[in-house]
Amino acid sequence: MTTSSPDLLPATRNAVSLLLLAMADDEFVIGFSDSEWTGIAPMLEEDVAMSSLAQDELGHAQALYRLLAEVVDDGRDADAIAYDRPPEGYYHARLLDHPRGDWADAIARRFLYDTADSVRLEALAESSFVPLRELVAKLRREERYHVMHVSLWFERLASTHGEPRRRLIEALERLGPDAATVLAPLPNELAMVMAGIVSVASPELEARWRAEIEPAFDRLDLPMPPAVAEPDSARTAHSEAFRRLWGEFTSVRRAEPGATW
Amino acid sequence: MTAPALEPWEVFRQEKDGDPMRHGGSVMAPDAELAVHYARELFGRRQESIRLWVVRRADIHDLADPDLLQPPLDRSFKKPGGYVMREKLAAAREQSGQEKPQAKSR
């Protein structure tokens, strides 16, 4: 049981830093991407719902960056970690590198991400690193609703023949090949499994995630996401679309470096 | 399956244990499941409710007939407080030309 960040062994500490960075950047990037739907969602109520999901994710990212700042302990605060990196320094999954796309893209991306994220969080629910375990317990309570909500839309698009289903399938063809990047292996993850930080390694996480979503994909007659190509660059080598997104979400921060907000 | 039309749903909310369910407002949704989600977004995501009821507006039996709800004859004797005397006293005073007695100052 590790109750505070300084007690982590150096090798474990590095691995935990990368895990937290991966999780925080995932939440930050999907949160920012989905916030682009504010004001232009297909109906007013859904506009509110999607914006609220996006806000939740930014809140989760903030909590994860704060914990990361404690673990890394190099003088940077959560905002510095979130905003003061070049685009190639971000460590989110390639699934989140795709441009916003249409509404089916947004739903497909969220469905693939939220289902994978909930498997990842479940494996951290009993973590020996107490601050992470406590944070994960809170995140899981909110993420439960995210999965519920996006599943409703996913099912409705899939079972409404014509344009909705066609667009969803096209979105899955674009995003599916990158879906499992959320659960791609992280450096030194074995050290984390040995230390009880996370209960299982990523191949088992991916197997659990596939078992979780397969019944829905079967029932809705949708193509299951294939295995990830180039898993080594699952969280690096970001797209042009992400560079544009980065340009936007850092623009205010870069306008006045060092300013106190 | 074609896309269903949006329809209004009425949302009732309970603020704390023991409170009555009070009408909060309405949401538009194509079905009950999404209506519950949208009710949560608009009336329950900031810890302002502990329970929500979501009712399809079309399922509500509406009664707004004044003949039934606002009968024209005085039935105030049916109320626990008995007859409303204010108007009768005023009429009697006017007939007799008396002023309304003022409250005594102490």
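Note that the structure is a prediction, hence the values are computed from the model and not measured. (Residues numbered from 1 in each chain as written. Chains lettered and ligands numbered in written order. Predicted model: local features only at pLDDT ≥ 70, side-chain atom pairs only at ≥ 80, totals over all residues.)

### Topic: the overall build of chain A
This is how it is decided: Only DSSP runs of H or I with at least four residues qualify as helices, and only runs of E with at least two residues qualify as strands; both kinds are numbered from the N terminus onward. For the radius of gyration, the atoms used are the C-alpha atoms, and the globule rule reads 2.2 Å times the number of residues raised to 0.38. Between the buried cut of 20 or more and the exposed cut of 12 or fewer other C-beta atoms within 10 Å of a residue's own C-beta lies the partly exposed class, and all C-beta atoms are placed from the backbone. Any two residues are considered in contact once their C-beta atoms, placed from the backbone, lie within 7 Å.
Across its full length, chain A carries 10 helices and 0 strands. Starting at the N terminus and walking to the C terminus, you meet the elements of chain A as α-α-α-α-α-α-α-α-α-α. A compact globule built from 261 residues should have a C-alpha radius of gyration of about 18 Å, and chain A, at 18 Å, falls within 12% of that. Seen along its three principal axes, the alpha-carbon backbone of chain A occupies a region of about 55 × 45 × 35 Å. Buried residues in chain A amount to 41% of all 261 residues. A separation threshold of at least 6 residues defines the contact pool for chain A, and within that pool the share at least 24 residues apart is 76%.

### Focus: the packing of helix H4 (residues 103-122) of chain A against helix H5 (residues 130-159) of chain A
All names here are of chain A. For the record, the criterion: Axes, fitted as lines to C-alpha atoms, cover a helix only where it is in contact. Angles between the N-to-C directions of the axes lie from 0 to 180 degrees. A crossing counts as left-handed when the near helix is turned anticlockwise from the far one by less than a right angle, and as right-handed when that turn is clockwise. The nonpolar class holds Ala, Val, Leu, Ile, Met, Phe, Trp, Tyr, Cys and Pro. Asp, Glu, Lys and Arg form the charged class, and all remaining residues, Gly among them, are polar.
Close contact between H4 and H5 brings their axes to 9 Å; oriented N to C, the two are set at 145°. Judged by the twist between their axes, the crossing of H4 over H5 is left-handed. For the pair formed by H4 and H5, the contact residues are Ala104, Ile107, Arg110, Phe111, Asp114, Thr115, Asp117, Ser118 and Leu121 on the first element and Val136, Leu139, Arg140, Glu143, His146, Val147, Val150, Ser151, Trp153, Phe154 and Leu157 on the second. Per-class residue counts for the contact of H4 with H5 are 11 nonpolar, 4 polar and 5 charged.

### Concerning the domain arrangement of chain B
Rule in force here: Bear in mind that the domain bounds are from an automatic or database domain assignment.
Parsing chain B into structural domains produces domain 1 (7-59) and domain 2 (70-96). The distance between the C-alpha centroids of domain 1 of chain B and domain 2 of chain B comes to 41 Å.

### Describing the pairing of strand S1 (residues 7-14) of chain B
Residues and elements named next belong to chain B. Stated precisely, the cut-off is as follows: DSSP calls a pair of strands paired once it identifies at least 2 bridges connecting them.
Pairing between S1 and strand S2 (residues 22-29): 7 bridges, direction antiparallel. Within S2, the residue paired with Arg13 across the bridge is Arg22. Here 6 bridges tie S1 to strand S3 (residues 51-56), and the two strands are oriented antiparallel to one another. Residue pairing across strands places Arg13 opposite Leu52, the latter belonging to S3.

### Here we look at the interface of chain B and chain A
A common way to state how big an interface is: give the accessible area lost once the parts meet. Taken residue by residue, the interface counts 14 residues in chain B and 11 residues in chain A. A breakdown of the residues in the side of chain B that touches chain A according to their chemical character gives 9 nonpolar, 2 polar and 3 charged.

### Considerations on the environment of Arg254(A)
Looking at the secondary structure, you find Arg254(A) in helix H10 (residues 251-255). The spacing of Arg254(A) and Asp84(A) is 170 residues in sequence and 8.2 Å in space, taken between C-alpha atoms.

### What to know about the nonpolar core
To keep it simple, the criterion reads: The nonpolar core criterion groups buried Ala, Val, Leu, Ile, Met, Phe, Trp, Tyr and Cys residues into a set whenever they are joined through C-beta atoms within 7 Å.
In terms of nonpolar packing, the biggest core is built from 65 residues, with Leu20(A), Ala24(A), Leu68(A), Ile107(A) and Ala108(A) touching the most fellow members. When residues of this core are traced back to their parent elements, those giving at least two are helix H1 (10-35), helix H2 (44-72), helix H3 (78-83), H4, H5, helix H6 (163-179) and helix H8 (202-219) of chain A. The contact partners of Ile107(A), leaving out residues within four places of it in the chain, are Val150(A), Trp153(A), Phe154(A) and Leu157(A). By size, the runner-up hydrophobic cluster in this structure holds 15 residues, among which are Ala49(A), Met50(A), Ala39(B) and Val54(B).

### Comments concerning H8(A)
Residues and elements named next belong to chain A. Rules: Helix span, as expected, comes to 1.5 Å for every residue beyond the first. Bend is computed residue by residue as the angle between axes fitted to the seven residues ending at the residue and the seven residues starting at it.
When the terminal C-alpha atoms of H8 are compared, their 26 Å separation across 18 residues agrees well with the 26 Å that a helix rising 1.5 Å per residue should span. In the structure, H8 departs most strongly from a straight axis at Ile213, where the bend amounts to approximately 35° and where the proline Pro215 lies between one and four residues downstream. Of all the residues in H8, the buried ones are Ser202, Leu205, Glu206, Trp209 and Ile213. If you follow the buried residues of H8, they end up packed against H4 and helix H7 (189-194).

### Points about the packing of H4(A) against H6(A)
Residues and elements named next belong to chain A. Under the convention used in this document: With respect to orientation, any angle under 35 degrees is reported as roughly parallel, any angle over 145 as roughly antiparallel, any angle of 65 to 115 as roughly perpendicular, and every other angle as oblique.
Between H4 and H6, the least distance of the axes is 8 Å, while the angle of their chain directions is 40°. As judged from the angle between their axes, H4 and H6 are oblique. Here the hand of the crossing between H4 and H6 comes out right-handed. Mapping the contact onto sequence places Ala104, Asp105, Ala108, Arg109, Leu112 and Ala116 in H4 and Arg167, Leu168, Glu170, Ala171, Leu172, Arg174, Leu175 and Ala179 in H6.

### A short note on unusual backbone geometry
The backbone of Asn188(A) sits at a positive phi, close to 60°, despite the residue not being glycine. With respect to the helices, strands and loops of the structure, Asn188(A) is situated in the loop between H6 and H7. The exposure class assigned to Asn188(A) is partly exposed, which follows from the 16 C-beta atoms found within 10 Å. If you check the backbone angles, Gln47(B) has positive phi at about 60° while not being a glycine. Within the secondary structure layout, Gln47(B) lies in the loop between helix H1 (32-43) and S3. Residue classification places Gln47(B) among the exposed positions, given that 6 C-beta atoms sit within 10 Å.

### Structural notes on the sheet that holds S3(B)
All names here are of chain B. One open sheet holds the 3 strands; their spatial order is S2-S1-S3, and the pairing between them is antiparallel. Only two strands of the sheet have a single partner each, and these edge strands are S2 and S3. Within this sheet the neighbouring strands show an average axis-to-axis angle of 30°, counted without direction. Sitting on the sheet, H1 touches S1, S2 and S3, and the angle it makes with S2 is about 125°.

### Details of H6(A)
All names here are of chain A. Taking 1.5 Å of rise per residue, 17 residues should cover 24 Å, and H6 covers 23 Å from first to last C-alpha, within 8% of that figure. At Glu173, H6 is bent by approximately 40°, the largest bend along its length, and proline Pro177 sits one to four residues beyond. When H6 is considered as a whole, its buried residues turn out to be Pro164, Leu168, Ala171, Leu172, Leu175, Asp178 and Ala179. Those residues of H6 hidden inside the fold are in contact with H4 and H5.

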